[in-house]
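Working through the structure, step by step
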Amino acid sequence: EKGKDALMKVGGLGPSKVIAVDRDYDTLVPGYHVYSNRIDTDKYVLHTRFYSIENHKLQPGIACRYVEDVMHVPCTFNFKEALELFSQKIADALLLLLVYERRRVSGNIPDPQHPEITIRGLRGIITGVPVKLNTYRNDFESVRQELDRKYGSLYARYRVEMEAMRIELRDNHGKQEA
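To start, this report covers the structure provided alongside it.

Reading guide: rules and limits
Residues numbered from 1 in each chain as written. Predicted model: local features only at pLDDT ≥ 70, side-chain atom pairs only at ≥ 80, totals over all residues. Heavy atoms only, no water. Helix = DSSP H or I, 4+ residues; strand = E, 2+ residues; numbered from the N terminus. Buried < 20%, exposed > 50% of the residue type's maximum accessible area, 1.4 Å probe, protein only. Contact = heavy atoms within 4.5 Å. Areas by Shrake-Rupley, 256 points an atom, 1.4 Å probe, with all protein chains shown as cover. Disulfide = S-S within 2.5 Å. Core = buried A, V, L, I, M, F, W, Y, C linked by side-chain atoms within 4.5 Å. Lys, Arg positive; Asp, Glu negative; His and termini not counted. Salt bridge = Lys/Arg side-chain N within 4 Å of Asp/Glu carboxyl O. Expected span 1.5 Å × (residues − 1). Axes fitted to C-alpha atoms, helices over the stretch in contact; angles between N-to-C directions. Left-handed = near helix turned anticlockwise from the far one by under 90°. Nonpolar A, V, L, I, M, F, W, Y, C, P; charged D, E, K, R; others polar. Phe/Tyr/Trp six-rings, centres within 6.5 Å; stacked < 30°, edge-to-face > 60°.

Looking only at helices and strands, one finds eight helices and two strands in the protein chain. Its helices and strands taken in sequence order, the protein chain reads α-β-α-β-α-α-α-α-α-α from the N to the C terminus. With 178 residues in all, the protein chain has 29% of them scored as buried. Across the protein chain, the fraction of contacts at a sequence separation of at least 24, relative to all contacts at a separation of at least 6, is 60%. For the protein chain, the computed accessible surface area is about 12,300 Å², with 55% contributed by carbon and sulfur atoms.

For the structure on display, the rule yields one disulfide. For cysteine 64, the disulfide goes to cysteine 75, at an S-S distance of 2.0 Å. On the sign convention where negative is left-handed, the bridge of cysteine 64 and cysteine 75, at about -55° about the S-S bond, is left-handed. Taken together, the positions of cysteine 64 in helix α4 (residues 60-71) and cysteine 75 in the loop between α4 and α5 (79-105) put the pair eleven residues apart, joining distant regions of the chain. For cysteine 64, a relative accessible area of 18% puts it in the buried group.

Let us look at the nonpolar core. One finds Leu96, Leu147 and Tyr151 to be the most contacted residues of the largest nonpolar core, which totals 21 residues. When residues of this core are traced back to their parent elements, those giving at least two are α5, α6 (119-128), α7 (136-157) and α8 (159-173). Top contributing element to this core by residue count: α5, with seven residues. When neighbours within four sequence positions are excluded, leucine 147 is seen to be in contact with Lys89, Ile90, Ala93, Leu122, Ile125, Gly152 and Tyr155.

Next up on the list: the side chain of aspartate 139. With respect to the secondary-structure elements, aspartate 139 resides in helix α7. Here aspartate 139 is buried and forms no salt bridge, its nearest opposite-charge partner lysine 132 lying at an N-O distance of 6.5 Å. Filtering out sequence-adjacent residues up to four positions away, aspartate 139 remains in contact with Val129, Pro130, Val131 and Lys132.

Turning our eyes to something else, we now look at α4. The terminal C-alpha atoms of α4 lie 16 Å apart, and with twelve residues this matches the ideal 16 Å at 1.5 Å per residue to within 8%. What α4 keeps buried is the set Ile62, Ala63, Cys64 and Val67. Taken from the residues just after α4, histidine 72 is the one with a positive phi, measuring 60°.

A word on the packing of α6 against α7. Two elements in contact, α6 and α7, have axes separated by 9 Å at closest approach and are oriented at 145°. Here the hand of the crossing between α6 and α7 comes out right-handed. Here α6 contributes Gly121, Leu122, Ile125 and Ile126 to the contact with α7, which in turn contributes Val143, Glu146, Leu147, Lys150 and Tyr151. Residue composition of the contact of α6 with α7, by class: six nonpolar, one polar and two charged.

Here we come to the packing of aromatic side chains. Taken as a whole, this structure holds five aromatic pairs when the rule is applied. Judged by centre distance (4.7 Å) and plane angle (75°), the rings of phenylalanine 77 and phenylalanine 79 are edge-to-face. There is no split in this pair, since phenylalanine 77 and phenylalanine 79 are both buried. Look at phenylalanine 77 and tyrosine 136: their rings are 4.9 Å apart centre to centre, the planes differ by 75°, and that puts the pair in the edge-to-face class. One end of the pair, phenylalanine 77, is in the loop between α4 and α5; the other, tyrosine 136, is in helix α7, with 59 residues separating them in the sequence. An aromatic cluster is built from Phe77, Phe79, Phe86, Tyr136 and Phe140, whose rings are joined through pairwise contacts.

Below is the structure:
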């Protein structure tokens, strides 16, 4: 079953259990899915405002076709390996962000006016390190080092909660980090 279809079947949503989906065609084509209306009415279903195409851009096969169609050269780059490596390098920061957001929502962070980690700050670090096809392994390691430098003390402070989050995600979604 596709991701969005499976997510829209998740029950028991509430303040500590939400789902996030792309709107896709649900606005463009009224009644596109049986759950289209729920996307707009269920406050525990977070959604993009418009159609989202990031999945098309991040699929390794599609990325190779872009290279071949735009650059007119054979695709020899291993996009799948690169995406997996990148995911591994930023995994701790993403876990920390989830833990911190849960704490923030429950009013359990030191200074709500000055959060210690935000998606904007995380994105700034990730996009602030240039990545090139021929040096991506070292570039991704530089991203990880910068994340460690910025958030190392938070990793230490929330280590137990991060590990619990890792287990929760693995158990609920059947995915395990490499």
